[in-house]
Amino acid sequence: MKKSILVALMALSATFANHGYTAEEHSHGHDSHGSVATQTGLSLNNGERWEMDDHTRTMSQMMQQTFFAADHSTLGGLNAAGTALEQQMEKLITGCTMTGEAHEQLHVFLNEHVPTINALAKADDYASARENAIRLKGQMETYQKHFK
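Report on the accompanying structure.

1. Re the packing of aromatic side chains
According to the stated counting rule, one finds four aromatic pairs in the structure shown. Consider the rings of Phe67 and Phe68, whose centres lie 5.0 Å apart with planes at 80 degrees: the pair is edge-to-face. Judged by its relative accessible area of 47%, Phe68 is partly exposed. Grouped by ring-pair contacts, the aromatic residues Phe109, Tyr143 and Phe147 constitute a single cluster.

This is the structure in C-alpha cells:
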C-alpha cells in the first residue's frame, strides 16, 4: 500500500523525484492497488473518523505544530515551513503501518496534501506561498474531520 501512495504522489508531484524518493524504498511489503484516489473519494467510517496508527497520528500532530508555529509573514518563513513539512511527510510515509480502508482513505487525503506541501516549499513569491498555506490550513481541518 505504501508503494501505491508513492506511485500516486510521484505522479502528482515532481518534487518526490527531485528528493530521490522511490516506490521501492517505501514498499515495505504492502500491495499496490493500482489506482489513484481523488479528494472527492474522502469519506468517514460509517459516520465516524478513521483510526490512524500511532506513528501516523504522531507525525500528523507534529506537522500541524510545524505549520502553525511557522512564520507566515514572509516567503522565507513559508518556504522553510514547507521544507520541514516535506521532511516530516517522508517520515510519516516511511513509518506508516496502516492497512485496510483507513489506509486507503489516508491515500485519498495525501494525494492532495503532499503536492500542496511541496508547492509551499518551492513557492517563489509570497502570494503563491500564502495561497498554499491557506490550502494547507484547510487540508489540516479536513484531516481533523476525517481521521483520529
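So that's the structure; there's more coming.
2. Describing the packing of helix α3 (residues 54-69) against helix α4 (residues 75-95)
It is the contact of α3 with α4, at a shortest axis distance of 9 Å, that shows an interaxial angle of 180 degrees. As far as their axial angle goes, α4 and α3 are roughly antiparallel. Residues His55, Thr56, Met59, Ser60, Met62, Met63, Thr66 and Phe67 of α3 pack against Ala81, Ala84, Leu85, Gln88, Met89, Lys91, Leu92 and Gly95 of α4. When grouped by side-chain class, the residues that make up the contact of α3 with α4 number nine nonpolar, six polar and one charged.

3. Comments concerning helix α5 (residues 100-122)
For an α-helix, 3.6 residues make a turn, and residues three or four places apart therefore share a direction. The terminal C-alpha atoms of α5 lie 33 Å apart, and with 23 residues this matches the ideal 33 Å at 1.5 Å per residue to within 8%. Of all bends in α5, the biggest is about 35 degrees, found at Leu110. Counting buried residues along α5, 17 of its 23 residues qualify, which places the element largely inside the surrounding structure.

4. Quick word on the nonpolar core
Of all hydrophobic cores here, the largest spans 28 residues; its most connected members are Met52 and Met89. Considering every element that reaches this core, the biggest residue donor is α5, with eight residues. Dropping the residues within four chain positions of it, Met52 is found in contact with Arg57, Met98, Ala102, Leu106, Tyr143, Phe147 and Lys148.

5. Points about the packing of α5 against helix α6 (residues 126-146)
Remark: α5 packs on α6, axes separated minimally by 9 Å, with the N-to-C direction vectors making an angle of 155 degrees. For the element pair α5 / α6, the angle class is roughly antiparallel. Regarding α5 and α6, the two cross each other, and that crossing is left-handed. Residues Leu106, Phe109, Glu112, His113, Thr116, Ile117, Ala119 and Leu120 of α5 lie in contact with α6, whose contacting residues are Ala129, Asn132, Ala133, Arg135, Leu136, Gln139, Met140 and Tyr143. By residue class, the composition of the contact of α5 with α6 is ten nonpolar, four polar and two charged.

6. Structural notes on the side chain of Gln64
Mapped onto the fold, Gln64 is located in helix α3. Owing to a relative accessible area of 18%, Gln64 belongs among the buried residues under this scheme. The contacts of Gln64, once residues within four sequence positions are left out, are Met140, Tyr143 and Gln144.

7. Here we look at the environment of Glu90
Relative to the helices and strands, Glu90 resides in helix α4. Remark: the alpha-carbon pair of Glu90 and Val114, spanning 24 residues in sequence, is separated by 9.8 Å.

8. Observations concerning the environment of Thr116
Here Thr116 lies in helix α5. Given a relative accessible area of 6%, Thr116 falls into the buried group. Placed 17 residues apart in sequence, Thr116 and Ala133 show a C-alpha to C-alpha distance of 8.2 Å. Residue contacts for Thr116: discarding those within four places in its chain leaves Asn132, Arg135, Leu136 and Gln139.

Cut-offs applied
- Residue numbers run consecutively from 1 along every chain, following the written order of its sequence.
- Totals for whole chains, interfaces and linings use every residue, but because this is a predicted model, local features are given only for residues with pLDDT of at least 70 and side-chain atom pairs only at 80 or more, for both listing and counting.
- Just so you know, side-chain values use all the structure's heavy atoms and leave hydrogens and water out.
- Pairing of aromatic rings covers Phe, Tyr and the six-membered ring of Trp, with a centre-to-centre limit of 6.5 Å; geometry is then stacked below 30 degrees between planes, edge-to-face above 60, and tilted otherwise.
- Buried, partly exposed and exposed residues are distinguished by accessible area as a fraction of the type maximum, computed with a 1.4 Å probe on protein chains only: under 20%, between the cut-offs, and over 50%, respectively.
- Here an axis means a line fitted to C-alpha atoms, over the contact stretch when the element is a helix, while the angle between two N-to-C directions is reported on a 0 to 180 degree scale.
- Labels follow the DSSP assignment, with helices taken as runs of H or I lasting at least four residues and strands as runs of E lasting at least two, numbered in each case from the N terminus.
- An angle below 35 degrees is treated as roughly parallel, one above 145 as roughly antiparallel, one from 65 to 115 as roughly perpendicular, and anything else as oblique.
- Should any heavy atoms of two residues lie within 4.5 Å, those residues are considered in contact.
- Under this grouping Gly is polar, as are all residues other than the nonpolar Ala, Val, Leu, Ile, Met, Phe, Trp, Tyr, Cys and Pro and the charged Asp, Glu, Lys and Arg.
- Multiplying 1.5 Å by the helix residue count minus one yields the expected span of that helix.
- The quantity called bend is, for any residue, the angle between two axes fitted respectively to the seven residues ending at it and the seven beginning at it.
- Put simply, buried Ala, Val, Leu, Ile, Met, Phe, Trp, Tyr and Cys residues joined by side-chain atoms within 4.5 Å make one nonpolar core.
- What makes a crossing left-handed is the near helix being turned counterclockwise from the far one by less than a right angle; a clockwise turn instead makes it right-handed.

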